[in-house]
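Per-entry structural report
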Amino acid sequence: MSTSYQRRLRERYLAVPEMPAPEPWRLVAGGEIAVGGLVGVGFAVHPEGGQDIALVVSGSGHGMFDTVTGERIAREYDPEAAYPEGDDLSCPGLDPVTGVPVRVAGLYGGGLHTTAPGGWTVDVVSPDWPHHRVLLSAGGGPYTGAPGESWWHVRHVDVTELRAAGFSPSGRTLAVATSAGVTFWTRRPGSP
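These figures come from a predicted structure and were not determined experimentally.

**A look at the side chain of H46**
Locating H46 in the fold gives a position in the loop between β3 (38-45) and β4 (52-58). Of the polar contacts made by the side chain of H46, one reaches the backbone nitrogen of G49; its length is 3.4 Å. Leave out the neighbours within four places in its chain, and H46 touches Q51, I53 and P96.

**Quick look at the packing of aromatic side chains**
Scanning the model with the defined rule gives six aromatic pairs in all. When the centroid spacing of 5.8 Å and the interplanar angle of 90° are considered together, the rings of W25 and W120 count as edge-to-face. Placement of the pair is W25 in the loop between α1 (4-15) and β1 (26-27) and W120 in strand β11 (residues 120-125), with a sequence separation of 95 residues. Per residue, the accessibility class of W25 equals that of W120, and both read buried. If you follow R75 out to its NZ or CZ, it ends over the ring of Y77, 4.1 Å from the centre.

**What about a nonpolar patch on the surface?**
Together, Y83, L107 and Y108 make up a nonpolar patch on the protein surface, roughly 300 Å² of accessible area in all. Relative to the helices and strands, Y108 is located in the loop between β9 (105-106) and β10 (115-116). Taking the relative accessible area as the measure of exposure, Y108 reaches 47% and is therefore partly exposed.

**Comments concerning the sheet that holds β3**
In spatial order, the strands read β6-β5-β4-β3-β9; together these five strands make up an open sheet with antiparallel pairing. The sheet terminates laterally at β6 (72-76) and β9, the two strands that pair on one side only. Here β3 runs beside β9; their pairing, made up of two bridges, is antiparallel. Its bridge partner lying in β9, V41 is registered against A105.

**Focus: the pairing of strand β5 (residues 61-66)**
Here β5 lies mainly inside the structure; six of its six residues are buried. Neither face of β5 is left uncovered, since the one carrying G61, G63 and F65 and the one carrying H62, M64 and D66 both have all their residues buried. Relative to β5, β4 runs antiparallel, the two being bridged by six bridges. Paired with V56 across the strands is G63, a residue of β5. Looking at chain direction, β5 and β6 are connected through four bridges and run antiparallel. Following the sheet pairing, F65 is matched in β6 by R72. Here β5 hands over to β6 after five residues, with G70 in that stretch at a positive phi of 85°.

**Topic: the pattern of salt bridges**
In total, this model carries three salt bridges according to the counting rule given. In this structure, R155 and E32 form a salt bridge, with 3.0 Å as the shortest nitrogen-oxygen distance. Within this pair, whereas R155 is found in strand β13 (residues 151-157), its partner E32 is found in the loop between β1 and β2 (33-34), the two being separated by 123 residues in sequence. Relative accessible area serves as the criterion here: at 39%, E32 is assigned to the partly exposed category. For R163, the salt bridge is made with E161, and the minimal N-O distance between the two is 2.9 Å.

**A few points about the environment of V56**
Following the sequence through the fold, V56 ends up in strand β4. V56 sits 47 residues away from L9 along the chain, and the two C-alpha atoms are 33 Å apart.

**Description of the nonpolar core**
Ranked by size, the top nonpolar core spans 23 residues in total, and within it W25, W120, L136, V154, F167, L174 and W185 carry the most contacts. Taken together, the elements giving at least two residues each to this core come down to α1, β11, β12 (132-138), β13, β14 (162-167) and β15 (173-178). Setting aside residues no more than four positions away along its own chain, L136 makes contact with A21, P22, W25, W120, T121, S150, W151, W152, V154, F167 and L174. By size, the runner-up hydrophobic cluster in this structure holds 16 residues, among which are I33, V41, A54 and A177.

Parameters at a glance
Numbers given to residues run from 1 along each chain, matching the order in which its sequence is written. Residues qualify for local features only when their pLDDT is at least 70, as the model is predicted, and side-chain atom pairs are given and counted only at 80 or more; totals for whole chains, interfaces and linings, by contrast, use all residues. The side-chain figures draw on all heavy atoms in the structure; neither hydrogens nor water molecules are used. Numbering of helices and strands starts at the N terminus; helices are DSSP runs of H or I of at least 4 residues and strands are runs of E of at least 2. The definition of a polar contact used here is a pair of N or O atoms within 3.5 Å, where within protein one atom must be able to donate a hydrogen and the other to accept one, and adjacent residues in sequence count solely through side-chain atom pairs. Residue contacts are defined here by distance: any two heavy atoms, one from each residue, within 4.5 Å place the two residues in contact. Aromatic pairing here means that ring centres of Phe, Tyr or Trp (its six-membered ring) are within 6.5 Å. Orientation follows from the plane angle: under 30 degrees is stacked, over 60 is edge-to-face, and everything else is tilted. Using a 1.4 Å probe on the protein chains alone, a residue whose accessible area is under 20% of its type maximum counts as buried, one over 50% counts as exposed, and one in between counts as partly exposed. Only when the NZ of Lys or the CZ of Arg is both within 6 Å of the ring centre and within 35 degrees of the ring normal is a charge said to sit over the ring. Only residues above 30% relative accessible area that lack a salt bridge enter a patch, with like-charged residues linked at up to 9 Å and the nonpolar side chains Val, Leu, Ile, Met, Phe, Trp and Tyr linked at up to 5 Å. Method for areas: the Shrake-Rupley scheme with a 1.4 Å probe, in which residue coverage is limited to the protein chains shown. By definition, a salt bridge exists where a carboxyl oxygen of Asp or Glu is found within 4 Å of a side-chain nitrogen of Lys or Arg. Any two strands between which DSSP finds at least two bridges are classified as paired. Remark: nonpolar core denotes a set of buried residues (Ala, Val, Leu, Ile, Met, Phe, Trp, Tyr, Cys) joined through side-chain atoms within 4.5 Å.

Purely spatial values, then, with no claim about function.
Right, here's the structure in full:
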């Protein structure tokens, strides 16, 4: 049996539609990048530019994406190498981090960072399970502040399965991975 507080939270989350993330966040590639059979996502740092790059793993291989543009920068079609291995759930990175182990969060476990510099937080709530809402918040979060002021419902996952949601280790990229694709938001280095 739920409490009156839990019922109010549920109603609150159900009432808020999906909305754009606030400044300084910017949606990458106009929305979800299609990746059929997505298994998980992980982050690495580009050795030359220092920006976040993402390894996206699917049943047919894995690809490396630029998280600022959404461009796929490398692709490997080997399904054997596509599944995370070991205690750290890692997969071998692709160009420009060839062979470097990249930890992957998704279908087989693991997790992405839930906080980022500047007081940013990501939460996943399921007021109408099995559907999920990904909430981005700053300064107070989704439990006390007003929607569109201190928290934003940035992604509604209702047709596909949620695989992972969270920040890169640098906190400059937010990723939401589903069984059908990945969505990135990015912010400039040094932005709040």
